[in-house]
Amino acid sequence: MSESVIKKCLFPAAGYGTRFLPATKSMPKEMLPIVNKPLIQYGVEEAIQAGMDNMAIITGRGKQAIADYFDTNYELEHQIAGTDKEKYLVDIRETINQAVFSYTRQIEMKGLGHAILTGETLIGDQAFAVVLADDLCYSSEQGVLSQMVELYKKYQCSIVAIEEVPAEETHKYGVIAGEEIEPGVLRINDMVEKPAPEDAPSNLAIIGRYILTPDIFNIIRQTPPGRNNEVQITDALLTQAKQGGVIAYKFKGRRFDCGSVAGFMEANNFFYENVYKALD
Ligand code: G1P
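Owing to the predicted nature of the structure, the values given are computational and were not obtained by experimental measurement.

Undergrad: How should I be thinking about the site of the ligand in this particular structure?
TA: Around the ligand, the structure places 13 residues, and the nearest of them are Asp135, Gly174, Glu193, Lys194 and Ile206. Between the ligand and Lys194, the relevant distance is 2.7 Å, taken from an oxygen atom to a side-chain nitrogen or oxygen of the residue. In this structure, Ile206 approaches the ligand through a main-chain N or O atom, which is 2.7 Å from an oxygen atom. Burial of the ligand by the protein amounts to 76% of the accessible area it has alone, namely 380 Å². Among the elements that line the shell around the ligand, the one with the most residues is strand β11 (residues 204–212), at 4 residues.

Undergrad: How should the pairing of strand β12 (residues 246–250) be read in this particular structure?
TA: Each regular strand displays side chains that alternate between the two surfaces of the sheet. Among the 5 residues in β12, 4 count as buried, and that is most of the element. Bridge count between strand β8 (residues 158–164) and β12: 5 bridges; the pairing is parallel. Residue Ile159 lies in a different strand from β12, and its bridge partner there is Ile247. Taken together, the 3 bridges between strand β10 (residues 185–193) and β12 define a ladder with antiparallel strand orientation. By the bridge assignment, Val185 is partnered in β12 with Tyr249.

Undergrad: I would appreciate a short explanation of the side chain of Lys37 in the present structure.
TA: Within the secondary structure, Lys37 is located in strand β3 (residues 37–38). A polar side-chain atom of Lys37 sits 3.2 Å from a polar atom in the side chain of Asp91. When near neighbours in sequence (up to four residues on either side) are disregarded, Lys37 contacts Leu32, Tyr42, Glu45 and Asp91.

Undergrad: Explanation requested: the packing of aromatic side chains in the structure shown.
TA: In this description, a pair of aromatic rings is defined by centroid distance and the angle of the planes. Considering all chains together, one arrives at 11 aromatic pairs under this definition. The interplanar angle of 70 degrees and the centroid separation of 4.9 Å between the aromatic rings of Tyr138 and Phe270 together place this pair among those described as edge-to-face. Of this pair, Tyr138 sits in strand β7 (residues 135–138) while Phe270 sits in helix α10 (residues 261–279), placing them 132 residues apart in sequence. The exposure class of Phe270 is buried, given its relative accessible area of 15%. Ring geometry for Phe270 versus Phe271: centroids 5.8 Å apart, planes at 70 degrees, classification edge-to-face. The class for Phe271 is buried, based on a relative accessible area of 5%. Taken together, Tyr42, Tyr138, Phe256, Phe270 and Phe271 form an aromatic cluster joined through their ring pairs. Across from the ring centre of Tyr42, 5.0 Å away, lies the NZ or CZ of Lys37, which sits over that ring.

Undergrad: Explain the environment of Gln49 here, please?
TA: Its place among the elements puts Gln49 in helix α1 (residues 39–49). For Gln49, a relative accessible area of 39% corresponds to the partly exposed category. For the pair Gln49 and His78, spaced 29 residues apart in sequence, the C-alpha to C-alpha distance is 29 Å.

Undergrad: Any chance you could explain unusual backbone geometry here in plain terms?
TA: Residues other than glycine predominantly adopt negative phi, and peptide bonds predominantly adopt the trans conformation. In this chain, Leu21 is followed by Pro22 through a cis amide linkage whose omega measures 5 degrees. Positive phi, close to 55 degrees, is recorded for Gln156, a residue that is not glycine. Assignment of secondary structure puts Gln156 in the loop between α7 (144–155) and β8. Residue classification places Gln156 among the partly exposed residues on the basis of a relative accessible area of 48%. Residue Lys194 is not a glycine yet carries a positive backbone phi of 45 degrees. Mapped onto the elements of the fold, Lys194 is located in the loop between β10 and β11.

Undergrad: How should the nonpolar core be read in this particular structure?
TA: Soluble globular proteins tend to pack their nonpolar side chains together in the buried interior. Counting 40 residues, the largest nonpolar core has Cys9, Ile40, Met52, Met55 and Leu145 as its most contacted members. Mapped by element, the contributors of at least two residues to this core are β1 (8–12), α1, β4 (54–59), β6 (128–131), α7, β8, β11 and β12. Top contributing element to this core by residue count: α7, with 6 residues. If we ignore the near neighbours within four places in the chain, the residues touching Cys9 are Ala47, Met52, Asn54, Met55, Ala56, Ala129, Val131 and Leu145. Core analysis: the second largest hydrophobic core is formed by 32 residues, Leu212, Val231, Ala236 and Ala241 among them.

Undergrad: Mind showing me how you'd approach the state of the cysteines here?
TA: Should the sulfur atoms of two cysteines be covalently bonded, the bond is a disulfide. Under the definition given, this model contains 0 disulfides. Here Cys9 is not cross-linked by a disulfide; its sulfur's nearest cysteine counterpart is in Cys137, at 12 Å. Residue class for Cys9 comes out buried when judged on its relative accessible area of 0%. Residue Cys258 stays outside any disulfide, its sulfur separated by 9.4 Å from that of Cys137, the closest cysteine. For Cys258, a relative accessible area of 2% translates into the label buried.

Rules and cut-offs
- Along each chain, residues carry numbers from 1 onward, in the same order as the chain's sequence is written.
- Totals for whole chains, interfaces and linings use every residue, but because this is a predicted model, local features are given only for residues with pLDDT of at least 70 and side-chain atom pairs only at 80 or more, for both listing and counting.
- Derived side-chain values reflect all non-hydrogen atoms in the structure, with water molecules and hydrogen atoms excluded from consideration.
- Residues are labelled near a given molecule or strand when at least one of their non-hydrogen atoms is within 4 Å of it.
- The definition of a polar contact used here is a pair of N or O atoms within 3.5 Å, where within protein one atom must be able to donate a hydrogen and the other to accept one, and adjacent residues in sequence count solely through side-chain atom pairs.
- We get accessible surface area from the Shrake-Rupley algorithm with a probe of 1.4 Å; when it comes to residues, only the shown protein chains can shield them.
- Segments assigned H or I by DSSP are reported as helices when at least four residues long, segments assigned E as strands when at least two residues long, and all are numbered from the N terminus.
- Each residue is assigned to one of three classes by its accessible area relative to the maximum for its type, calculated with a 1.4 Å probe on protein chains only: buried under 20%, partly exposed between the two thresholds, exposed over 50%.
- Only strands that DSSP links by at least two bridges are regarded as paired with each other.
- By definition in these notes, contact holds between two residues if any of their heavy atoms fall within 4.5 Å.
- Only the six-membered ring of Trp is used, alongside the rings of Phe and Tyr, when aromatic pairs are assigned; centres must lie within 6.5 Å, and planes under 30 degrees apart are stacked while those over 60 apart are edge-to-face, with the rest tilted.
- Geometrically, a lysine NZ or arginine CZ counts as sitting over a ring once it is within 6 Å of the ring centre and also within 35 degrees of the ring normal.
- We define a nonpolar core as any set of buried Ala, Val, Leu, Ile, Met, Phe, Trp, Tyr and Cys residues linked to one another through side-chain atoms lying within 4.5 Å.
- The rule for a disulfide is simple: a pair of cysteine sulfur atoms within 2.5 Å.

The structure is reproduced here in structure tokens:
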């Protein structure tokens, strides 16, 4: 594990997962498996690979399964101890040992900005990463968060990961505009949450990986509700971009939108063929 200046990673995980109903009626969407591992574990593994050892999870009602998952299950462990099934628990045991998990609840769903602000109590006064677990990122070499930590060491400011999307899909994302300061790195000068194609400043969409400096908390507090009457991190980041600078990074790798059924199926097929089978 590389020494990192960023030790904490925030996982907003209070959302309802309505696109996966009825499966998510009594189960957090973050626990949906990609092959045999819940989505959120991929995010936690990516954070650990980037040198983080403190996972701050924003939960809500009905999300207890996440806290149980990152804990020991004595009965199960006892039952399979010494059998050939123990190998299935190796990965998760390692993950649990490599990080501390803390939780706080978002009482009302007032948007991603509000969810991140709810995490202030777990983060404190230090730069931190944010992972939206339903954006599953795959990279055969360095994980996306590792790539962003490298960039943070150089620029010491908030960073968002971006990718190009078809113009007709801008309404699903925060969309940025900026000037390229080195290949694949842009200094942001505009950001809009979920614009219609004709209002989008570009086709560069934010995906669910952020590094944020802690002044973002005060900015969020002063950010009025925006799109969908929710407090948007995109709006707070535009303020921060104007004040001191925010960077957008075209990450290396592939991202699956596991918040949609199509993206979730695609991720399952891809991970089954390229990751699971390769290890089996
Ligand atoms: C959130 C953000 C959006 C970002 C997206 C990435 O939207 O608000 O700016 O582009 O995540 O997945 P959500 O998908 O939660 O509606």
